[in-house]
Amino acid sequence: MPLAPYACHASRSRGRRVFEPAAPTRSEFQRDRDRIIHSTAFRRLVYKTQVFLNHEGDLFRTRLTHSLEVAQLGRSIGRSLGLDEDLIEAVALAHDLGHTPFGHAGQDVLDECMKAHGGFEHNLQSLRVVDKLEQRYPAFDGLNLCFETREGILKHCARRDALHLEEIEPGGVGARFLLGHQPSLEAQLCNLADEVAYNAHDIDDGVRSGLLDLEQLATVPLVQSYLKEALAAYPALQGKRLLAETIRGMLSAQVYDIIDATRSALQAAAVADVEEVRQAPALMAFSPAMRAASTELKRFLFAHLYRHPQVQTTRMRAEQVLRDLFRIYVAEPGQLPAEYRESASANDIPRACADYIAGMTDRFAIREHQRLTGLTLF
Ligand code: MG
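Calculation rules
- Within each chain, residue numbers correspond to sequence positions counted from 1 in written order.
- Only residues with pLDDT of at least 70 get local features here, since the model is predicted, and only at 80 or more are side-chain atom pairs given and counted; chain-wide, interface and lining totals rely on the full set of residues.
- Side-chain calculation: all heavy atoms of the structure are included, whereas hydrogens and water are not.
- For helices the rule is a DSSP run of H or I covering at least 4 residues; for strands it is a run of E covering at least 2, with both sets numbered from the N terminus onward.
- Relative accessibility thresholds used throughout: buried, under 20% of the residue-type maximum; exposed, over 50%; partly exposed, between the two (1.4 Å probe, protein chains only).
- Residues count as neighbours in contact if any of their non-hydrogen atoms are within 4.5 Å of one another.
- For accessible areas, the Shrake-Rupley method is used with a probe of radius 1.4 Å. Any residue's cover is judged against the shown protein chains and nothing else.
- Each metal site is built from N, O and S donor atoms within 2.8 Å (3.2 Å for Na, K and Ca), and since water is not included, such sites may look incomplete.
- In plain words, nonpolar cores are sets of buried Ala, Val, Leu, Ile, Met, Phe, Trp, Tyr and Cys residues tied together by side-chain atoms within 4.5 Å.
- Orientation is described by lines fitted to C-alpha atoms, with helices fitted over the stretch in contact, and by angles between N-to-C directions that extend from 0 to 180 degrees.
- For classification, angles of less than 35 degrees are called roughly parallel, those exceeding 145 degrees roughly antiparallel, those between 65 and 115 degrees roughly perpendicular, and all remaining angles oblique.
- Under the scheme applied, nonpolar residues are Ala, Val, Leu, Ile, Met, Phe, Trp, Tyr, Cys and Pro; charged residues are Asp, Glu, Lys and Arg; polar residues are all the others, including Gly.

(A) Structural detail: the overall build of the chain. Regarding its fold elements, the chain presents 19 helices and zero strands. In terms of principal-axis extent, the alpha carbons of the chain reach across some 65 × 50 × 35 Å. In the chain, buried positions account for 54% of the 378 residues. Considering only intrachain contacts with a sequence separation of at least 6, the fraction spanning at least 24 residues in the chain is 72%. Here the chain has roughly 17200 Å² of accessible surface; of this, 53% comes from carbon and sulfur atoms.

This is how it looks when you write it as structure tokens:
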């Protein structure tokens, strides 16, 4: 399918912060995707927690498999809407690069530790990874990605942070948060595909872990309808296959819903190009009914999975690991590796410590905590 006029066209990219000549065979967005896959931060995603800690089981999602699922859903929807699949893939694979070890628990602790030093936010950190922290090129820090990829990676941004970004990069990726504009459709799509992916895989992992069961899940309307559908087609179905068939039904319904709702919104808004997309209200969306259903499922997962006592216990230990690490590194920057120590001598020790900790995998953080404190929390 040819690219739609409202898609991001790589040939019309706003470009990279440091100029580079075009590649002979690859589009600019393909190049970005390739750079992300070869980055160190990308490889670390395999050992970072989504909801369950990496060592709790081999079959739970990690940040890496989550990111691959977001890319799959995004590309599948994007292709039928005529969007740029390479850009979608690049944004999806990079969207969680700034996540700390131990999932959201880690982000909250680092934010609390960094309160007096500008805070910590994982979306901003993802941008910081691709703009600054990756050290792979002789001529620049980071991966020097295109504006459109960076725009998609920075999903959310507080006004204070947007003002700061605007100072360093006027009219750059912070500007839309000050102007109230949207990002490209490819970026809007990755955001929505993220939600579809984690709602579905957290149900799967939740049941697999024994923290949720299907009867309980059947009280959630979105799950209920596809559970009923699966049982109507296969009355004897149970266990793993019933769960998989239910989730498959949910995923398909959400994908088609997004495609239909977005097509109608695009038609009504009659946007001619990506600039008009940015100035229009958000066009990539669920139908109102699916939006309500997805929000209700999220609420259920929040109450029954993310706040489950067992998940909470792990969360508390994870918080202690990161809080201790931060305290120790700030007090003894000599414990940091050389490259972080160098940036710390440039007068921002807490930020260097946060960068180092945020980059850790779950198991590295646990080992490092053990080495520095002598405590075994996991
Ligand atoms: Mg995500």
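(B) Representation of the coordination of the magnesium ion within the structure. Coordination of the magnesium ion by the protein comes from His66 (NE2), His95 (NE2), Asp96 (OD) and Asp194 (OD), over a distance range of 2.1 to 2.6 Å. Mapping the donors of the magnesium ion onto the primary sequence yields the spacing H-x28-H-D-x97-D. Highlighted residues: Asp96 in the loop between helix 4 (85-94) and helix 5 (103-113) and Asp194 in helix 10 (residues 185-208), separated in sequence by 98 residues. Each member of the pair, Asp96 together with Asp194, is buried.

(C) Representation of the nonpolar core in the model. Residues Ile36, Leu83, Leu97 and Ile203 are the most contacted members of the largest nonpolar core, which totals 84 residues. Counting 24 residues, the second-largest nonpolar core is a separate cluster that includes Ala344, Cys353, Met360 and Ala365.

(D) Quick peek at the packing of helix 6 (residues 122-133) against helix 18 (residues 349-359). Running from N to C, helix 6 and helix 18 point in directions that differ by 100°, and their axes come no closer than 12 Å. It follows that helix 6 is roughly perpendicular to helix 18 by the angle criterion. Contacts from Gln125, Arg128 and Leu133 of helix 6 reach helix 18 at Arg351, Asp355 and Ala358. The residue inventory of the contact of helix 6 with helix 18, partitioned by class, reads two nonpolar, one polar and three charged.

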